[in-house]
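# Overview (structure and organization)
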Amino acid sequence: DGGITQSPKYLFRKEGQNVTLSCEQNLNHDAMYWYRQDPGQGLRLIYYSQIVNDFQKGDIAEGYSVSREKKESFPLTVTSAQKNPTAFYLCASSRSVVTDTQYFGPGTRLTVL
Amino acid sequence: AQKITQTQPGMFVQEKEAVTLDCTYDTSDQSYGLFWYKQPSSGEMIFLIYQGSYDEQNATEGRYSLNFQKARKSANLVISASQLGDSAMYFCAMREGVGGTSYGKLTFGQGTILTVHP
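The rules behind these values
Residues numbered from 1 in each chain as written. Chains lettered and ligands numbered in written order. Predicted model: local features only at pLDDT ≥ 70, side-chain atom pairs only at ≥ 80, totals over all residues. Heavy atoms only, no water. Helix = DSSP H or I, 4+ residues; strand = E, 2+ residues; numbered from the N terminus. Rg over C-alpha atoms; globule rule 2.2 N^0.38 Å. Buried < 20%, exposed > 50% of the residue type's maximum accessible area, 1.4 Å probe, protein only. Areas by Shrake-Rupley, 256 points an atom, 1.4 Å probe, with all protein chains shown as cover. Lys, Arg positive; Asp, Glu negative; His and termini not counted. Charge placed at Lys NZ, Arg CZ, Asp CG, Glu CD. Contact = heavy atoms within 4.5 Å. Buried area = accessible area lost by both parts, 1.4 Å probe. Salt bridge = Lys/Arg side-chain N within 4 Å of Asp/Glu carboxyl O. Polar contact = N/O pair within 3.5 Å; in protein donor to acceptor, adjacent residues only side chain to side chain. Disulfide = S-S within 2.5 Å. Pairing = 2+ DSSP bridges. Axes fitted to C-alpha atoms, helices over the stretch in contact; angles between N-to-C directions. Patch = residues over 30% accessible without salt bridge, like charges linked within 9 Å, V, L, I, M, F, W, Y side chains within 5 Å.

### Points about the overall build of chain B
Within chain B, the secondary structure is distributed over zero helices and twelve strands. For chain B, the sequential pattern of α-helices and β-strands runs β-β-β-β-β-β-β-β-β-β-β-β. On C-alpha atoms alone, chain B measures out to a radius of gyration of 14 Å, which is about the 13 Å that the 2.2 N^0.38 rule sets for 118 residues. Here the C-alpha coordinates of chain B stretch approximately 50 × 30 × 20 Å along the principal axes. Going through the 118 residues of chain B one by one, you find that 48% of them count as buried. When the accessible surface of chain B is totalled, it reaches about 5700 Å², and 49% of it is carbon and sulfur. In chain B, which carries 9 positive and 11 negative side-chain charges, the distance between the mean positions of the two groups comes to 3 Å.

### Side note on the overall build of chain A
Along chain A, the regular secondary structure elements total zero helices and eleven strands. Along the chain direction, N to C, the helices and strands of chain A fall in the order β-β-β-β-β-β-β-β-β-β-β. In terms of overall dimensions, chain A is globule-like: its C-alpha atoms have a radius of gyration of 13 Å, near the 13 Å expected for 113 residues. Each principal axis of the C-alpha distribution contributes one length, and for chain A these read about 35 × 25 × 25 Å. By sequence separation, contacts in chain A at least 24 residues apart represent 54% of the contacts at least 6 residues apart. Surface accessibility of chain A: about 5500 Å² in total, with carbon and sulfur atoms responsible for 47%. Computed over 12 positive and 11 negative side-chain charges, the separation of the two mean positions in chain A equals 6 Å.

### Details of the interface of chain A and chain B
If you look at the interface, chain A gives 24 residues, while chain B gives 18 residues. Of the roughly 1700 Å² buried between chain A and chain B, counting both surfaces, carbon and sulfur atoms make up 52%. Here chain A is connected to chain B by zero salt bridges. Counting across the chain A and chain B interface gives three residue pairs in polar contact (both at pLDDT 80 or more). Breaking the side of chain A that touches chain B down by element, the ones donating at least two residues are strand 4 (31–37), strand 5 (43–49), strand 9 (87–94) and strand 10 (103–104) of chain A.

### Focus on the state of the cysteines
All names here are of chain A. Applying the stated criterion to the full structure yields two disulfides over all chains. Paired by a disulfide, Cys23 and Cys91 hold their sulfur atoms 1.8 Å apart. Taking the sign of the S-S torsion, about -70° here, the bridge from Cys23 to Cys91 comes out left-handed. Taken together, the positions of Cys23 in strand 3 (residues 19–25) and Cys91 in strand 9 put the pair 68 residues apart, joining distant regions of the chain. Residue Cys91 is classed as buried on the basis of its relative accessible area, which comes to 0%.

### Let's talk about the environment of Ala31(A)
Residues and elements named next belong to chain A. With respect to the helices, strands and loops of the structure, Ala31 is situated in strand 4. Overall, Ala31 belongs to the buried group, its relative accessible area being 0%. In contact with Ala31, other than residues within four places in its own chain, are Ser49, Gln50, Arg68, Ala92, Ser93, Ser94, Arg95, Ser96 and Val97.

### Brief notes about the side chain of Ser94(A)
Residue and element names in this part refer to chain A. Its place among the elements puts Ser94 in strand 9. The buried category is assigned to Ser94, whose relative accessible area is 0%. Beyond its immediate sequence surroundings of up to four residues, Ser94 is in contact with His29, Asp30, Ala31, Tyr33, Asp100, Thr101 and Gln102.

### Focus: the sheet that holds strand 8 (residues 76–78) of chain A
Residue and element names in this part refer to chain A. Sheet architecture is open: four strands sit in the order 1-3-8-7, paired in antiparallel fashion. Two strands in the sheet have a free side with no partner beyond their single neighbour: strand 1 (4–7) and strand 7 (64–66). Taken pair by pair, the neighbouring strands of this sheet meet at an average axis angle of 20°, ignoring direction. Bridge analysis of strand 3 against strand 8 gives three bridges, and the strand direction is antiparallel. Residue pairing across strands places Thr20 opposite Thr77, the latter belonging to strand 8.

### Observations concerning a nonpolar patch on the surface
A cluster of nonpolar side chains, contributed by Tyr10(A), Phe12(A) and Leu113(A), occupies part of the molecular surface with about 380 Å² of accessible area. Here Phe12(A) lies in strand 2 (residues 10–13).

Below you can see the structure in the form of structure tokens.
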């Protein structure tokens, strides 16, 4: 089945640690995105990538990093510089950044202990 | 200023009845797109329906329809014949035209929690 997978579903981190969230898609989409959702809120864009080896900051990129070495994969690293990382993280993809519908993965819930 | 406004934090509807979820938007672009997503308690965002700013007819997808009133900048979601499985959070989102700093990103509203009663 075509779709977007995220792992792990739940992640616990100690303060000061970096963690990496996985996002994989087999939809052959060029564009991929990372969003953050806080309780009772809408989604905010962290990073997006239009093609392999290219990515751009979104609205809240500070404390996060990404890579796009393969079309299928767009991992997000939450660094120790992110002051309030506890949140729900959603990955999405679309055929292109400009015109197409974004489809989402199941999300990763990160909790900092 | 809020670009997407969903004024109903929560809505209740009886099973089999229709319900309208409100969404107003603010943009100076001529070309933009409006989306509705459903987020059940599991957390996944499920795409429901899309309306382009140049589309002359309101979008429909099964039991979902989008009441698009361009002059009023509103894009309300209508769910007909509500089902218990429709209970979820619903988000309205807008993609503005390409150019400047927009880069086609989605801007989301705060969401509306819909509860369907049996």
